[in-house]
Amino acid sequence: MTASFRTAPWLALALMLAAAPALAASGPPPGYILTDNADLAFTSPDGATKLEQYMKDSEDLFEVKWQVWARRGNQMTELKPEQGYGAGFRFTSDSQWLVRMQKTGSGSQDLFLYHVENGAFVNATKKSLSDLAWAYFHSRPDTKNMKLDYHISANLMKGTEDAYRWLGVDWPNNRYLVISLSGAMDKHPKNVAVKGLGDWKCRYDLKTGKFDVPAMFAKDNAEALNWEIKR
């Protein structure tokens, strides 16, 4: 006669937990303090994601570091990269896409794009969204020869939450981002104080990952290429 043995339920659970890998702690490393600036706190339209910005202070202003963490329930995910300033954010209305408007210096700004995958926001593009926009700008026959030297900035126009209805368009919801590019030149006539690019607009398709320039932007873009402030 052979005897059969059944593991007690509590013992089976203990063995399973012992064999499972330990969950790594999530959140900012030591030395990073959550900012109390209400303007740097953001919540997704569905209320599921809260963005928290943490700063590591330093006596050297160039060594100050900021990290952004997305909190969903008990899970925290860092929105990379770490930067030297706090950032602004805009969500699409379905809470699936997120754009980071990141100051990088006086008059300069980059854009980073994130998308929800497996319940967490991750970088949606290998390069920054601003780098992709500038690459598109320099690929066009009418803009490829323009050289900018400072105050180089990529900006996300307001309207992601309602598909830019304020522009009078009827675009699909959660499909497009409107980006404006600006910058200044070192060389300009003596009677001109500032010369460069002033709010040149393009559209990014979240579905295809491609840029275009709708006809409605053509007139303003032509003026943007000749932007200057005379003395």
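The rules behind the values
- Residues numbered from 1 in each chain as written.
- Predicted model: local features only at pLDDT ≥ 70, side-chain atom pairs only at ≥ 80, totals over all residues.
- Heavy atoms only, no water.
- Helix = DSSP H or I, 4+ residues; strand = E, 2+ residues; numbered from the N terminus.
- Buried < 20%, exposed > 50% of the residue type's maximum accessible area, 1.4 Å probe, protein only.
- Contact = heavy atoms within 4.5 Å.
- Areas by Shrake-Rupley, 256 points an atom, 1.4 Å probe, with all protein chains shown as cover.
- Phe/Tyr/Trp six-rings, centres within 6.5 Å; stacked < 30°, edge-to-face > 60°.
- Lys NZ or Arg CZ within 6 Å of the ring centre and 35° of its normal.
- Salt bridge = Lys/Arg side-chain N within 4 Å of Asp/Glu carboxyl O.
- Pairing = 2+ DSSP bridges.
- Core = buried A, V, L, I, M, F, W, Y, C linked by side-chain atoms within 4.5 Å.

In this section: the overall build of the protein. Across its full length, the protein carries three helices and 14 strands. Relative to its 231 residues, the protein shows a buried fraction of 39%. Of the contacts formed within the protein by residues at least 6 apart in sequence, a portion of 50% connects residues at least 24 apart. Carbon and sulfur atoms make up 54% of the accessible area of the protein, which totals about 13900 Å².

Here K80 and P81 are connected by a cis peptide whose omega angle stands at 10°. One can find P81 in the loop between β5 (75–78) and β6 (87–91). For N118, which is not a glycine, the phi torsion comes out positive at approximately 55°.

A separate point is the packing of aromatic side chains. A complete count under the given rule lists nine aromatic pairs for this structure. On the basis of an interplanar angle of 55° and a centroid distance of 4.8 Å, the ring pair of Y204 and F211 is categorised as tilted. We note that Y204, like F211, is buried. Its guanidinium or amino end placed over the ring of W166, K158 lies 5.6 Å from that ring's centre, counting from NZ or CZ. One residue, R203, lies across the ring of Y176, its end atom 3.9 Å from the ring centre.

This part covers the pattern of salt bridges. Applying the stated criterion to the full structure yields seven salt bridges. Residue K195 pairs with E228 through a salt bridge whose shortest N-O separation is 3.5 Å. Of the two residues, K195 is situated in strand β12 (residues 192–205) and E228 in strand β14 (residues 227–230); the sequence distance between them amounts to 33 residues. A relative accessible area of 30% places E228 in the partly exposed class.

A few words on the pairing of β5. Across the two faces of β5 the burial differs, with M76 and E78 buried and Q75 and T77 not buried at all. Across four bridges, strand β4 (residues 65–72) lies against β5 in antiparallel orientation. Directly across from A70, in β5, lies its bridge partner T77. Counted between consecutive antiparallel strands, the loop separating β4 from β5 contains two residues, among which G73 sits at a positive phi close to 65°.

Attention now moves to the nonpolar core. Among the nonpolar cores identified, the biggest contains 33 residues, and L129, L177, I179, L181, L197 and W200 are the most heavily contacted of them. Residue assignment for this core shows that the elements contributing at least two residues are β7 (97–105), β8 (108–117), α2 (129–139), β10 (150–156), β11 (176–184) and β12. F42, L51, V68 and A70 belong to the second largest nonpolar core, which has 13 residues in total.

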